[in-house]
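Close look at the chain arrangement
Each chain, letter by letter, is given below.
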Amino acid sequence: MSTATLEPRVQSPRNYLNADYGWKSWLFTVDHKRIALLYMASITFFFVIGGFFAFLMRLHLIEPQGALVQPETYNKLFTLHGVIMIFFFLIPSIPAVLGNFLVPLMIGARDLAFPKLNLLSWYIYIVGGLFTLYSAIAGGVDTGWTFYTPYSSTYSNTQVTAVAVGVFITGFSSILTGLNFIVTIHKMRAPGLTWFRLPLFLWAIYATSIIMTLGTPVLAITIFLLALEHLFHVGIFSPQLGGDPLLFQHLFWFYSHPAVYIMILPAMGVVSEIIACFARKRIFGYKIVGFSSVAIAVLGFLVWGHHMFVTGQSVYAGLIFSFLSFLVAIPSAIKVFNWTSTLYKGSISYEAPMLYALGFIGLFTMGGLTGMFLASLATDVHLNGTYFIVAHFHYIMVGGAVMGYLGGLHFWWPKISGRKYPNGWAMLSAAIIFIGFNLTFFPQFILGYLGMPRRYAFYPAEFQVLNVMSSAGASILGIGYLIPLVYFIWSMRYGPVAEANPWGATGLEWQTPSPPPTENFAEIPVVTEEAYAYSAEEEASRA
Amino acid sequence: MQGIPIQPEQASTIAQSVDHLYFFITAVTLFFSVLIFSTIFYFMIKYRRRSPDERPKAIEGSLPLEILWTAVPTLIVALFFVWGSTLYFQNSEAPPGAMEIFVTGKQWMWKVEHPEGQREINELHVPLGHPVKLTMTSEDVIHDFFVPAFRVKKDVLPGRYTTMWFEPTKLGTFHLFCAQYCGAFHAGMIGSVIVVEPDEYESWLQGGVQGETMEAAGARLFKENGCVTCHLADGSGPAPSLAGVYGNTVHLTNGQTVTADDAYIRESILSPAAKIVRGYQPVMPSFQGQLSEEQILDLVAYIRSIGLSQGNAKEKQQEEGKK
């Protein structure tokens, strides 16, 4: 590296980005901020692939007989879309990118508790991802992301083993990341940073980490058993081999329902940070919002049976699971009410992150409320397995989790990159995403109620109008996602330089330069106040 | 909006009650969505930032408000829960006297067998205004029998029987969908439920029947597969007599008891060693792989017929009367 290229940078203070430029400094880094960027690049790659598959599916469904591909190919498209988006994009999205970047900064630490383990987590994730990509290239897999047996274990001739291995391996990345966060939040908080002074993002990440460490091993075991039966015909799930076909669903949903909360809880944390900052208010009912994250994490483990109301399980089991599923709605509702009340008598400014956060509240509320139809036994019998389910979980996972992730990226981008993005474009893309999203997924609620089953490569002609509306919305949504990709990349080189605290936010991460130095803080800060000290008196006491 | 359907047809006795609950939940959730969204919009406008120096006063929170908005959603979801569960519970068992039809799912078709021997594929003829109970199983993977116009759905599993029931209230042809992904042509595993007048159904049952009734087919299979050589009717053979067994309690060698229902008989044919009747040796071979699911259903129908005709028909009726 010649000194000539370094020269213009000499003025800017040393930070984690300009500390070193060689490829080794990235691939062997133990800096949590650099690992966060490694994750960001990798999940963006998977998001583009998964999104492309979704685009092909929506294109295919424009015509009732299917406009684009053979049914076998369509089945592979929705399977890989689901596997990639859930295991390789949504689950790592906020925890592994924003969590990795922010957990040490928010608690005033220099790194996570186990920096090398953190790097290992990323490599594990990549190895799992490679297996999944291999399966896609080597012919694909057609089981659906839910891998229901005995179809997946004894009937499918596609690349089930490769995907199973991929998901199995990636699970360990999730477990290790969760473990790292739990230890870090317990042991490495700056002096004075008590539990009730933690930003709510950390409460959410903590609750998520508990699910990751306790739930993911069950998924790993289940997927392992599936691969065992697929490869060696060990009778576990297939009745022909003496197994139980429903056992898989119990085990799978024991993880995969809590996994929904792995995806949505961190987004709730992000939204709490953004709302507080752009309303200049402490979060209304801070403790209750924090505890509601924990309540969701705990209750989330007890509701898996609501995926199985029509499997012929006992009606009494159905009653209990229905009851518990309704209970989860309560802490979610409490959060929405508290966010709304935070706006009361605030000083609200509208910039891109706030638009994403408000979009989150709108879409998450609709996603949550449509869950009532599915927790209720009698209506679930009709709606289960239809497009109503597809719409409901996309409102939570895309409308909720992806909106939250994008809101967080827009909020912390100046901190991460040291640059500002064009706010006008960012507000425009938030609006396009909101409109495109609703146009894509709202018609699917109606389709589901009308009875159109999910995972159909072709369908009766009476469903066409709503399908075309959905596909039209998807193209708008796609444009909405492409715009941020362009301006974020643009801003890394051409964006105006960001100051340390561009939004006037509280929180330790804003008290260090943008981008932060490798060691995060020149001196470890001492915390003397609560998380959202936005009032005039508190500001005065800080100065 | 012309031409966009928004509600599926209501063609069964439960369709309307499910829709009532559906619309009730829709109304309540719509009310709360409007309430939340309009509050947010109102705050967004009223409390917009007017000067960059604004520093609003901090508000801790409010315990009474937290209690209020914990209690209100709790009461509402409790109402949803009770309503949804009651409806589900009421409709979980077929009413006594429901006519029985047997369904076998396989990749990618629905095979239907009426007790009178009439068979059909991807079609299900049923009479108007009569409760129909389906006993279903799968030859391969998990399928799901879904009739949107009836608001009913149940998984169809390999290796076990599931049941569902409905009572059609409208003449016509209605969609039958497989609602559990089952492989390449899952989307093609669709058919029609055809509701006809009862007398038309009777003549349809008679029309073009080449085969025997399910009971007769079962009796034939009972002989052809050699069951009859051990299961002698007077109980003197090496295996218990099956006359009068169906619906009764069976005492097993391990001291447990089991009710001889469809699932038990099916299991005893495929895994005879699983539950041995007290006083007998485990000598019966498994018929796994030798009988199709439909043949097993025929055998069950036969064993049921000799169970009801010889001995316990009275008890059976009493039991059904109790329900």
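Everything below is about the structure shown above.
Residues numbered from 1 in each chain as written. Chains lettered and ligands numbered in written order. Predicted model: local features only at pLDDT ≥ 70, side-chain atom pairs only at ≥ 80, totals over all residues.

Next up on the list: the nonpolar core. Residues Leu202 and Val271 of chain A are the most contacted members of the largest nonpolar core, which totals 258 residues. Here the element with the most residues in this core is helix α4 (residues 71–107) of chain A; it accounts for 23 residues. When we break this core down by domain, the ones giving at least three residues each are domain 1 (99–206) and domain 2 (214–322) of chain B. Those residues in contact with leucine 202 of chain A that lie beyond four places of it in its chain are Val103, Met106, Ile107 and Ile185 of chain A. (Core = buried A, V, L, I, M, F, W, Y, C linked by C-beta atoms within 7 Å. Buried ≥ 20, exposed ≤ 12 C-beta atoms within 10 Å, placed from the backbone. Helix = DSSP H or I, 4+ residues; strand = E, 2+ residues; numbered from the N terminus. Domains from an automatic or database assignment. Contact = placed C-beta atoms within 7 Å.)

What follows covers the packing of α4 of chain A against helix α9 (residues 247–279) of chain A. All names here are of chain A. Contact pair α4 / α9: the axes reach a minimum separation of 8 Å and the direction vectors enclose 40°. For α4 against α9, the interelement crossing comes out left-handed. In this structure, α4 uses Leu90, Ile91, Ile94, Pro95, Leu98 and Gly99 to contact α9, whose residues at the interface are Ala259, Ile262, Met263, Pro266, Ala267 and Val270. When grouped by side-chain class, the residues that make up the contact of α4 with α9 number eleven nonpolar, one polar and no charged. (Axes fitted to C-alpha atoms, helices over the stretch in contact; angles between N-to-C directions. Left-handed = near helix turned anticlockwise from the far one by under 90°. Nonpolar A, V, L, I, M, F, W, Y, C, P; charged D, E, K, R; others polar.)

Time to look at the sheet that holds strand β5 (residues 132–138) of chain B. All names here are of chain B. The five strands lie next to each other as β3-β2-β1-β5-β8, forming an open sheet whose pairing is mixed. In the strand order of this sheet, the two ends are held by β3 (119–121) and β8 (162–166), each with one partner. Neighbour to neighbour, the strand axes of the sheet diverge by 25° on average, direction disregarded. Relative to β8, β5 runs antiparallel, the two sharing five bridges. Its bridge partner being in β8, threonine 135 is matched across the sheet by threonine 163. (Pairing = 2+ DSSP bridges.)

Here the focus is the interface of chain A and chain B. With 75 residues of chain A at the contact, the number on the chain B side is 68 residues. A total of 14 residues in the side of chain A that touches chain B trace back to one element, the largest contributor, which is helix α11 (residues 315–343) of chain A.

Structurally, the position occupied by proline 422 of chain A is in the loop between α14 (387–417) and α15 (423–450). Separated by 237 residues in the primary sequence, proline 422 of chain A and isoleucine 185 of chain A place their C-alpha atoms 34 Å from one another.

Attention now moves to the pairing of β5 of chain B. Residues in a regular strand point their side chains to alternate faces of the sheet. Residue and element names in this part refer to chain B. When you tally the buried positions in β5, you get six out of seven residues, the bulk of the element. The sheet contact formed by strand β1 (residues 99–106) and β5 spans seven bridges and is parallel. Across the sheet, glycine 105 pairs through a bridge with serine 138, a residue of β5.

Right, let's talk about unusual backbone geometry for a bit. In this structure, the amide linkage connecting serine 514 of chain A to the following residue, proline 515 of chain A, adopts the cis form with an omega of -15°. In this structure, proline 515 of chain A sits in the loop between α16 (464–494) and α17 (536–542). Residue glutamine 107 of chain B is joined to tryptophan 108 of chain B through a cis peptide bond whose omega torsion reads -5°. Inspection of the secondary structure assignment puts tryptophan 108 of chain B in the loop between β1 and β2 (109–113).

It is worth spelling out α9 of chain A at this point. Residues and elements named next belong to chain A. Given a rise of 1.5 Å per residue, 33 residues ought to cover 48 Å, and the 48 Å separating the end C-alpha atoms of α9 matches this to within 8%. The axis of α9 is deflected most strongly, by about 35°, at tryptophan 253. Across the 33 residues that make up α9, a large majority, 30, are buried. Residue arginine 280 follows α9 closely and has a positive phi angle near 50°. (Expected span 1.5 Å × (residues − 1). Bend = angle between axes of the 7 residues up to and from the residue.)

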